[in-house]
Amino acid sequence: MAMNQLLLIPIVAFAKLLTLVLRLSGRGSGTALPGYLVGRYFPFALEALVSQIPTVVAITGTNGKTTSQTMLSAVISQVPGVNVLRNKAGANLSQGILSELLKQSNTWGHLDFTHAVLEIEEATLPRIATLIKPNIIAVTNLYRDQLDAYGEIDRTEKLIRDGIAQCPAAAVVVNGDDPRTARLTQGLGNATYFVSLAPEYARFLPYEGKLNRRAANSQGLEATQIQINEDLTTDFAIHGQMNGTAVQIPQARTVSPGFFHVYNALTAIAIANLLGIDETTAIAGLQTFKPAFGRGETLIRQQGDKQVNYRLLLVKNPASFSLSLELLRNIPNLKLLLAINDNTADGRDVSWLWDSELERLNQAQIAWILCTGIRAKDMAVRLKYALDQPPGPIPAEESIRQALDLSFQQAQSGDTVFVLPTYTAMLEFRKLMGKTLAVV
Amino acid sequence: MPYALTITHLYPDHLNLYGDLGNLIVLRCRCQWMGLDCTVNSLTLGEPARRGTTDIYFMGGGQDTDQMAVVNDFHQLKRDAIQADTEAGAVFLGVCGGYQLMGNTFLMGNGEVTQGLGIIDVSTQAPGADVKQRCIGNLVAELTDAIYADMQTLYATPKDIPRTLVGFENHSGQTYLGKGVEPLARTIAGFGNNATAEYEGARYKNIFGSYMHGSLLPKNPHFADYLIGLALRRRYPEAAIALPVLPDTEELAAHSYAVQRYR
Ligand SMILES: [Zn+2]
């Protein structure tokens, strides 16, 4: 190991030099290539770098990796003297993680961090588990994506299980309602902590198969009295037991909306508990969390005296779509912009619109709905079959630019329009908002 | 219309990929809009099928483990009743994995070819060396003359219906039709049954198979009506069936947009 640490010095120097050269030559920030080359030619570098950080948390799962990671970092950062390293959203393959470590280390290959909170792509976990030796592994949920016909999710479940099996000393925090994650440690010796919602909420969640009911004596945290507020903050209470000690938290809040974020918050609080952080500190940390790109952020468009807020809730699969709709049921006078593209990053097959429970809108008080994006017309057909009483014909305007203008005209000053875009529709929408933001 | 129809969704918990539910939603809503009394039942693992109780069977696709479980269950508890029904003209629609599954053999993800339900004489094989990739993408196909002509006779007043079907395909299995099985449509864009033939889907009696999801019936309301019409004709042989013409503005707009964009 000491040998490896010494060897790190020239490797890190090389990586940093390469990054600098790439940056000076104008080839982007140049962070991917050094990670790739180092990973390929010096496979021990990852282990040598991570092993310097005393506490390593690995977060994986289908949805909510980034949010859980951000929440946990916010919570840990409350503690004086800690220094948290995290990889960037999306840079969750071994290369991306290695690049981040190389970037954060000093010239001598030294990393001055107390904690690493790493988001890890599901299939990557078993490939790097023995290298990063996580103290804690969290699995948010396991949803099938829309292109999964041939048991991909079964394979993913197995891969994560293999990853956990390689780390017998790691504590494991899993979603206790999702039948796929709840069974991950069955037959393994890992200490396991379940995070779950009280059954009256969990039944809204489109898990695959029967909702798991965890055993009464199991360890973990459960959220009750979940209240989604009009400003889309979410309040809830927490009870449970961690390592034999009862936990009672009468009120916690996330500034981001919805049941998914309650799971993410519970995951962060359970991990904080395992790290010895007290509840008051953890709850305070949770509130400093800001929602990321497309996950509840608000963009404002202003023209003259008129100002309209656009609240973005990314939809990427039936689960996230159904859950966003569940949230919006409580909003009075709901104004909705549904933006559906079918580019590769969105999923080219729009069948998933039919697996999404648009029927939940029947309990909402809808002012108007506008469909946009390449598949605006598909969305309009889905709504026609979902709504018992549509608020008149549902307009479908493929051009997102025109739909944005139309929505702005239709809205009153001060209104909030909820935008549910697929990934590329969101990128386009944000770009358009960037240009129109300052129009006076 | 003072008629009733019973739809049976086969294995809804196990075969439910790619918006299969959309096909059921569309059948149910359109029956209601036409004033038909429509019941949707589901029939899953461990439940025996009863002959003469279903007008339209629907089956979607699933993952390998689920499809395997279905094959054994089907042969033990359902095949005799369902085959007696379909041989007597009951409507059956299988989509994608469901289409492959209802044939003699189908293809699993690991490349293994397995015995299917055997209610229609089609078989699905692993792609040979000439097929380079999965058949994946938007699919546009033109209904056969016979089916298109028959479709138009169903309505109470003439209805301007498209000749095309649109959907999205995603399969590596290559499906071949046996003797006595007709194709459903001629492929215009995409692959359909296999990478070399020019046809999409299959028909034998009132059994239909198609590779289209997207989902299939929402954007092809004329095909949904056809299944409803065929089921009514069989259940009420004495009556002159004439379907009300529903205003399919949204459905047909989505249909023509897909034809234009993806053909
Ligand atoms: Zn398919």
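Our structure's up above, just so we're on the same page.
As the structure is a prediction and not an experimental result, all values here were calculated from the model.

**Student:** Which residues make up the overall build of chain A, and what are the values?
**Tutor:** Check the secondary structure of chain A and you find 16 helices and 15 strands. Here the C-alpha atoms of chain A give a radius of gyration of 23 Å, agreeing with the 22 Å that 2.2 N^0.38 yields for 440 residues. Each of the three principal axes of chain A carries a C-alpha extent, and together these read 70 × 60 × 45 Å. Within chain A, the fraction of its 440 residues that count as buried is 57%. By sequence separation, contacts in chain A at least 24 residues apart represent 73% of the contacts at least 6 residues apart. Surface summary for chain A: the accessible area is close to 17500 Å², and the carbon and sulfur share equals 53%. Charged side chains in chain A number 39 positive and 38 negative. The centres of these two groups are separated by 5 Å.

**Student:** Describe in detail helix α6 (residues 125-132) of chain A, supporting the description with residues and values.
**Tutor:** Residues and elements named next belong to chain A. Along α6, the residues classified as buried are Leu125, Pro126, Ile128, Ala129 and Ile132. Among the structural elements, α3 (45-50), β1 (55-60), α5 (94-104), β3 (115-119), β4 (136-139) and α7 (152-165) are those in contact with the buried residues of α6. Downstream of α6 by one or two residues, Lys133 has phi in the positive range, about 40°.

**Student:** Describe the sheet that holds strand β8 (residues 234-242) of chain A, naming the residues involved and giving the relevant values.
**Tutor:** Residue and element names in this part refer to chain A. With mixed pairing, the nine strands of this open sheet are ordered in space as β2-β3-β1-β4-β5-β6-β7-β8-β9. A strand with exactly one partner marks an edge of an open sheet, and here the two such strands are β2 (84-86) and β9 (245-254). Across the sheet, the axes of successive neighbouring strands diverge by a mean angle of 15°, strand direction being ignored. Relative to β8, strand β7 (residues 220-228) runs antiparallel, the two sharing seven bridges. Within the sheet, the bridge partner assigned to Gly220 lies in β8 and is Gln241. Strands β1, β3 and β4 of the sheet are contacted by α6, whose axis makes an angle of about 175° with β1.

**Student:** How would you explain the pattern of salt bridges if you had to name every residue and give the values?
**Tutor:** Any two side chains of opposite charge can pair if their charged atoms end up close together. All names here are of chain B. One pass over the structure, following the stated rule, counts 30 salt bridges over all chains. Of the charged contacts, one joins Arg30 and Glu251 as a salt bridge, the two residues approaching to 3.6 Å between their closest N and O atoms. Of this pair, Arg30 sits in helix α1 (residues 20-33) while Glu251 sits in helix α7 (residues 249-262); the two residues are 221 residues apart in sequence, bridging distant segments of the chain. When its relative accessible area of 0% is taken as the criterion, Arg30 is described as buried. Residue classification places Glu251 among the buried residues on the basis of a relative accessible area of 0%.

**Student:** So what's going on with the coordination of the zinc ion? Which residues, and what values?
**Tutor:** Residue and element names in this part refer to chain B. Every protein donor of the zinc ion is accounted for by Cys96 (SG) and His213 (NE2), and the metal-donor separations fall at 1.9 to 2.2 Å. Highlighted residues: Cys96 in the loop between β4 (91-95) and α4 (97-101) and His213 in the loop between β13 (207-210) and α6 (221-235), separated in sequence by 117 residues. For Cys96, a relative accessible area of 6% corresponds to the buried category. For His213, a relative accessible area of 1% translates into the label buried.

**Student:** With reference to specific residues and values, describe the nonpolar core.
**Tutor:** Ranked by size, the top nonpolar core spans 155 residues in total, and within it Leu197(A), Phe321(A), Leu361(A), Leu383(A), Leu420(A) and Phe223(B) carry the most contacts. Residue contributions to this core peak at eleven residues, all from helix α10 (residues 259-274) of chain A. There are two domains that each give this core at least three residues, and those are domain 1 (2-288) and domain 2 (295-432) of chain A. What Leu383(A) contacts, discounting residues up to four positions off in sequence, is Leu338(A), Leu358(A), Leu361(A), Ile369(A), Cys371(A) and Ile394(A). The next biggest cluster of nonpolar side chains, apart from the first, holds 40 residues, and it includes Leu46(A), Ile97(A), Ile128(A) and Leu142(A).

**Student:** Got a sec to walk through the packing of helix α2 (residues 32-41) of chain A against α5(A)? Specific residues and values, please.
**Tutor:** Helices that pack against each other are described as a pair by the angle of their axes relative to one another and the distance between those axes. Residue and element names in this part refer to chain A. Where α2 contacts α5, the axes come no closer than 8 Å and their chain directions differ by 105°. In terms of orientation, α2 and α5 fall into the roughly perpendicular class. Across the interface between the two elements, Ala32, Pro34, Gly35, Tyr36, Val38 and Gly39 from α2 touch Gln95, Leu98, Ser99 and Leu102 from α5. Within the contact of α2 with α5, the residues separate by chemical class into six nonpolar, four polar and no charged.

Quick notes on the rules
- Residues numbered from 1 in each chain as written.
- Chains lettered and ligands numbered in written order.
- Predicted model: local features only at pLDDT ≥ 70, side-chain atom pairs only at ≥ 80, totals over all residues.
- Heavy atoms only, no water.
- Helix = DSSP H or I, 4+ residues; strand = E, 2+ residues; numbered from the N terminus.
- Rg over C-alpha atoms; globule rule 2.2 N^0.38 Å.
- Buried < 20%, exposed > 50% of the residue type's maximum accessible area, 1.4 Å probe, protein only.
- Contact = heavy atoms within 4.5 Å.
- Areas by Shrake-Rupley, 256 points an atom, 1.4 Å probe, with all protein chains shown as cover.
- Lys, Arg positive; Asp, Glu negative; His and termini not counted.
- Charge placed at Lys NZ, Arg CZ, Asp CG, Glu CD.
- Pairing = 2+ DSSP bridges.
- Axes fitted to C-alpha atoms, helices over the stretch in contact; angles between N-to-C directions.
- Salt bridge = Lys/Arg side-chain N within 4 Å of Asp/Glu carboxyl O.
- Donors = N, O, S within 2.8 Å, 3.2 Å for Na, K, Ca; no water.
- Core = buried A, V, L, I, M, F, W, Y, C linked by side-chain atoms within 4.5 Å.
- Domains from an automatic or database assignment.
- Parallel < 35°, antiparallel > 145°, perpendicular 65-115°, else oblique.
- Nonpolar A, V, L, I, M, F, W, Y, C, P; charged D, E, K, R; others polar.

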